[in-house]
Every structure is written in C-alpha cells, then in structure tokens.
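An overview of the molecular structure
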Amino acid sequence: MLTVHHLRISQSERIVWLCEELGLEYDLKLYNRDPETRLAPPELKAIHPMEIAPVIEDGDLVLGESGAIVEYIVGKYAPDTDLVPGPDHPDFADHLYWFHFSNATFMTNGMMQIAVGAVGAEMPPPLAKRVTNAWAQIEHRLGESDYFGGSALTTADIMMVFQLTTSRAFNGMSIDDKPNLKAYLQRIGARDAYQRAMAKCEPGMPPKLD
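One structure accompanies this document, and this report is about it. (Residues numbered from 1 in each chain as written. Predicted model: local features only at pLDDT ≥ 70, side-chain atom pairs only at ≥ 80, totals over all residues. Heavy atoms only, no water.)

Here's the deal with the packing of aromatic side chains
All chains considered together, the criterion is met by 9 aromatic pairs. Arranged with centres 4.9 Å apart and planes meeting at 70°, the rings of Trp17 and Tyr194 form a pair that is edge-to-face. Of the two residues, Trp17 sits in helix α1 (residues 13-22) while Tyr194 sits in helix α8 (residues 192-201), which places them 177 residues apart along the sequence. By relative accessible area, Trp17 is classed as buried at 2%. Of the residues examined, Tyr194 reaches a relative accessible area of 1% and is grouped as buried. With a centroid separation of 5.0 Å and an interplanar angle of 45°, the aromatic rings of Trp98 and Phe148 are classed as tilted. With Trp98 in helix α4 (residues 92-118) and Phe148 in the loop between α5 (125-144) and α6 (155-164), this pair connects stretches of sequence that are 50 residues apart. Of the two residues, Trp98 and Phe148, both sit in the buried class. Directly above the aromatic system of Tyr147 lies the positively charged group of Arg187, at a separation of 5.8 Å from the ring centroid. (Phe/Tyr/Trp six-rings, centres within 6.5 Å; stacked < 30°, edge-to-face > 60°. Helix = DSSP H or I, 4+ residues; strand = E, 2+ residues; numbered from the N terminus. Buried < 20%, exposed > 50% of the residue type's maximum accessible area, 1.4 Å probe, protein only. Lys NZ or Arg CZ within 6 Å of the ring centre and 35° of its normal.)

Listed below in structure tokens is the structure:
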C-alpha cells in the first residue's frame, strides 16, 4: 500500500489532500516537529536524504518533493483524472503555470521571508516587490477564474493552497484586502476531500480559510 509520511504543519498536507481527492487507499504516518528546533524528528529524517516531508513509500520506492510525488501518484494511480488537464484542454497552460508557480516562485518567496526574518533583517526592496507581485497575481487570477488551473480544481490548487492557509496561519498575514482569495478559500474549505485531509493531517487545528 502507498504510505504517505506527513510532518505536521508542512507542505506534505498536499499529498494527503491529493489522495483524498482521488479516493486512494493509503497509509498515513504522522510526525510531530521537534519542540525546540521545529524540525523533523529523527524517525522521519531517516527515511529520505532530504530529511523533510513529504515523502512517500510505494513498494521499494521512496520519493520526496511534493511536485514529483503529485505527478507520480497521478501518473501511476489516476492517469485519467480530471485533476490534470490534458494538452488539448483549454486550461492546460494555466494549470502548468500555477502548478510550477507554487514552489518555484511562491514557496521560494515565503522561504526568503522566513530566512530574512530569522536574522532580524528586512526584505530588500527587490525581494519585497517579488512577494507583493506574487500576492497581487494570485488575487488577479482568482478574479478571472474559480481555480488556479482553470474552471475546475486541479493539482495546481493542491500545490498552491498550503501557502495560502496553513503557512499563513503562522505569519499573521491578513487577506481582508483580497476578496477573490477569500472566496476561493471558502470554495476549497467546502470540499469533502479537503475537509477529510485536513482532519487527518492537522487534528485539532481548523484550516486557515479567512
């Protein structure tokens, strides 16, 4: 059986959500962060050289990187899913853009903010502008489409939502000036698969949907 290793308060929630959307059977292993370092515990670090989550095991395969895992699971277990528009679909390019934007730009921006804050510094203006532009682009996109990948939920949404919800819950950022994003998160929060995934991933922690 497919095993999903999830570190609490991390992007590995994406993989649990994907499995729930696809209706897959999987074994979920939960790990709590070290209370002092906030890093993964030794038992999770021992599974993969990156020493972080997500990680899956599928038979003899051990695979990290959330984007790679999403593509692996879809390719092996649900190649015909509507969560990935095909090349002839009108949403194909938009889906690809936002799927890769999630980690290549959006997550990178977030990590830069964390690193700068950790040393007590302020974001240099060029980097701060990147962050502002990314959030503005998100709000604009959700004003023209119900979902990042197009007219329906795709794996682009599954990749994007962590930074918009769980990650944001710990940085104090308000989205009161982003009505399109607020409406989008309510649509996500109403999904049965998302509700099941978050109840399993973060028991006792309501999703940050406002």
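So that's the structure; there's more coming.
So, the sheet that holds strand β3 (residues 55-58)
In spatial order, the strands read β2-β1-β3-β4; together these 4 strands make up an open sheet with mixed pairing. In this open sheet, the two edge strands, each paired with only one partner strand, are β2 (26-31) and β4 (61-64). Each neighbouring strand pair of the sheet contributes to a mean axis angle of 20°, computed without reference to strand direction. Direction of pairing for strand β1 (residues 2-7) relative to β2: parallel, over a ladder of 6 bridges. Note that in β2 the partner of Leu2 across the bridge is Tyr26. (Pairing = 2+ DSSP bridges. Axes fitted to C-alpha atoms, helices over the stretch in contact; angles between N-to-C directions.)

Considerations on the packing of α1 against helix α3 (residues 66-77)
The N-to-C vectors of α1 and α3 enclose an angle of 15°; their axes lie 10 Å apart at closest approach. On the basis of the axis angle, α1 is roughly parallel to α3. Relative to α3, α1 is oriented so that their crossing is right-handed. When α1 is examined against α3, the residues Arg14, Ile15, Leu18, Cys19 and Leu22 are found in contact with a partner set consisting of Ser66, Ile69, Val70, Ile73 and Val74. (Parallel < 35°, antiparallel > 145°, perpendicular 65-115°, else oblique. Left-handed = near helix turned anticlockwise from the far one by under 90°. Contact = heavy atoms within 4.5 Å.)

Brief notes about α3
Residues that lie three or four places apart on an α-helix share one face, since the helix turns once every 3.6 residues. The terminal C-alpha atoms of α3, which comprises 12 residues, lie 16 Å apart, in line with the 16 Å expected from a rise of 1.5 Å per residue. Listed as buried for α3 are Ser66, Gly67, Ile69, Val70, Ile73 and Val74. Along the axis of α3, the buried residues cluster in a sector spanning 165°; they form a single face. (Expected span 1.5 Å × (residues − 1). Arc of directions from axis to C-beta.)

Some remarks on the nonpolar core
Among the nonpolar cores identified, the biggest contains 46 residues, and Trp17, Ile73, Ile138, Leu164, Leu181 and Tyr184 are the most heavily contacted of them. Secondary-structure elements contributing two or more residues to this core are β1, α1, α3, α4, α5, α6, α7 (179-189) and α8. Those residues in contact with Trp17 that lie beyond four places of it in its chain are Leu153, Asp157, Ile158, Val161, Ile188, Ala193, Tyr194 and Ala197. Counting 5 residues, the second largest nonpolar core, distinct from the first, contains Leu7, Ala40, Leu44 and Ala53. (Core = buried A, V, L, I, M, F, W, Y, C linked by side-chain atoms within 4.5 Å.)

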